[in-house]
Each structure stands twice: as C-alpha cells, then as structure tokens.
Amino acid sequence: ESTVPDWRSHVADLPEHRGVLDIVLNVASFHHRKAGAFEVIRLGRETDLRSARERKVAVELFLAGAILLMGIYHLGLFASRREEIAPLHFGLFCLLLSVYVLLEGERYLCDLTSWSTWGLQRKVSNLSSFLAVPVFIAFIRTLFPEEVPKRVARTLSVAIVLLALGVLVTPALVYSRLIPVYELLVLFTCATVLLALARATLRG
C-alpha cells in the first residue's frame, strides 16, 4: 500500500566518506513484472557521470526531434495531397515513435512531466510502441500492396491492437505480461516486411 512506483534516470551525490560505503536499493515489483535498476549502476566522479547522462539525453532529444519533424513533414504532405495515403501512415508512425523515444532510455519526458503518474507514463509509452506497429504495417502495405498479403497484415494488426486495448484497460502489472507476446508479433512483422521488400526488389 505504501509503495510508489517510479522509473527515472538519476545521478546521486554521495557524501564524502572513508572506508566502506553501503548502497542499498529498495526494490518492489508490485506494479510491474520487472523491477530494479533498468541499467548498470555506474560509480565515478559526479562531473563525469552528469556529463555522460547529458550526452545521452542530447542524443535522445535529437533523435526524437528529427523523427518528430519527419512526422510533421509527412502529415503536411498528406494534407496537401489527400489522394496519397502513405504519408499519413508514415507521419503517424513517426509521431508515435518520437513519443516512445522520449519516454524510454533516459526517460527525459518523465522528468518534465512531474504532474503525470508513473502508471500514465507507462501506458503512454507502451501504447505508442504498440500502435506504431500496425501503422507501419499499413504504411508498407500502401507502398507494396501485392507483396504484403492482406490477410497477414490484418491478422498482425488486429492482434497488436487487441494487446494495445489490454494496455489501455488493465494495470501495468497485468499488461506488462503481454509484452513478450507483443515482441513475438513484432518479429513476425519484421519478417513480413523484409519478405515484402525482397519480393518488391526481385520484381523491380
């Protein structure tokens, strides 16, 4: 009842000491199937560690910004040429991907959104990840309708959308157990896309 879940990247200042220093991690898995530090704990000088984190944050912000601009650009293309649906799919895919990048890794967006709860952040992160896949499938099928079987595309998309609904209506402790299923569907999706690109290449 007293546990408050939170995942944040953090640089801790340790007091000066001599002899043995005990570092205690209080870890709970009451809200998610995974618990504990999501990266290796690094010890070193404060300036070095802060600089390293700032560099990682800068790279992630650059990636998220570049992907976001690509998404806005393609949505603009769709707005000016409504008959072409591919830019709409790719634009939505980029928007979802940029949100995911900001909520994972160093989780910089979590530091900026102190008003939101851990549960809401996890839902938004997972929903952006889950929904990006059927949007990408639709994008590839728009470009290569003959190479991507309609039945395969629809089956993968429906399955992942159902998992996304599970994320929406269940707590993290429940829907986090669906993630391995989602990862398996992503592998099938990657195989389908690669096969479609190979077929398109062979057909010229």
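The structure displayed is predicted, hence computed values, not measured ones.

Student: Would you take a moment to explain the nonpolar core for this structure?
Tutor: Considering soluble globular proteins, one finds that nonpolar side chains tend to be buried as a cluster. With 31 residues, the main nonpolar core has F130, I160 and Y182 as its most contacted residues. Mapped by element, the contributors of at least two residues to this core are helix 1 (46–80), helix 2 (86–103), helix 4 (118–143), helix 5 (150–169), helix 6 (172–175) and helix 7 (179–202). For this core, the leading source of residues is helix 4, giving nine residues. Setting aside residues no more than four positions away along its own chain, I160 makes contact with F130, V133, P134, Y182, L185 and T189.

Student: I would appreciate a short explanation of the pattern of salt bridges in the present structure.
Tutor: Should their charged atoms come close, side chains of opposite charge can pair. By the definition in use, this model includes 10 salt bridges. The partner of K56 in a salt bridge is E39, and the shortest N-O contact between them spans 3.2 Å. Placement of the pair is K56 in helix 1 and E39 in the segment before helix 1, with a sequence separation of 17 residues. Judged by relative accessible area, which is 33%, K56 ranks as partly exposed. Its salt-bridge partner being R45, residue D48 comes within 2.9 Å of it at the nearest N-O pair. A relative accessible area of 38% places D48 in the partly exposed class.

Student: I'm lost on the layout of surface pockets in this one. Help?
Tutor: In this approach, a probe sized like a water molecule rolls over the atoms, and the result shows the empty space that is left. There is about 1,400 Å³ of room inside the largest pocket. Residue lining of the largest pocket: 42 residues in total, with R8, H10, L25, A37 and I41 positioned closest to the centre. The element contributing the most residues to the lining of the largest pocket is helix 1, with six residues. Looking at the lining of the largest pocket residue by residue, the class counts come to 21 nonpolar, nine polar and 12 charged. Roughly 380 Å³ of volume is contained in the second largest pocket. Those elements that place two or more of their residues in the lining of the second largest pocket are helix 4 and helix 7. Here the lining of the second largest pocket gets five residues from one element, more than from any other, and that element is helix 4. Residues that form the lining of the second largest pocket fall into these classes: seven nonpolar, six polar and six charged.

Student: In this structure, what is going on with empty space enclosed by the protein? I would like to understand it.
Tutor: Following the criterion strictly, the structure yields one cavity of 30 Å³ or more and no others. Contributing to the lining of the largest cavity are I137, I140, V148, L156, T189, T192 and V193. Put simply, the parts of the chain that give the lining of the largest cavity at least two residues each are helix 4 and helix 7. Examining the composition of the lining of the largest cavity, we find that three residues originate from one element, helix 7, more than from any other. Of the residues belonging to the lining of the largest cavity, the class tally is five nonpolar, two polar and no charged.

Each value, and the rule that gives it
Residues numbered from 1 in each chain as written. Predicted model: local features only at pLDDT ≥ 70, side-chain atom pairs only at ≥ 80, totals over all residues. Heavy atoms only, no water. Core = buried A, V, L, I, M, F, W, Y, C linked by side-chain atoms within 4.5 Å. Buried < 20%, exposed > 50% of the residue type's maximum accessible area, 1.4 Å probe, protein only. Helix = DSSP H or I, 4+ residues; strand = E, 2+ residues; numbered from the N terminus. Contact = heavy atoms within 4.5 Å. Salt bridge = Lys/Arg side-chain N within 4 Å of Asp/Glu carboxyl O. 1 Å grid on protein atoms, 1.4 Å probe; cavity = no way out; pocket = protein on both sides within 12 Å on 5 of 7 lines; lining within 4 Å. Points joined across faces, edges and corners; volume = space filled by probe spheres on them. Nonpolar A, V, L, I, M, F, W, Y, C, P; charged D, E, K, R; others polar.

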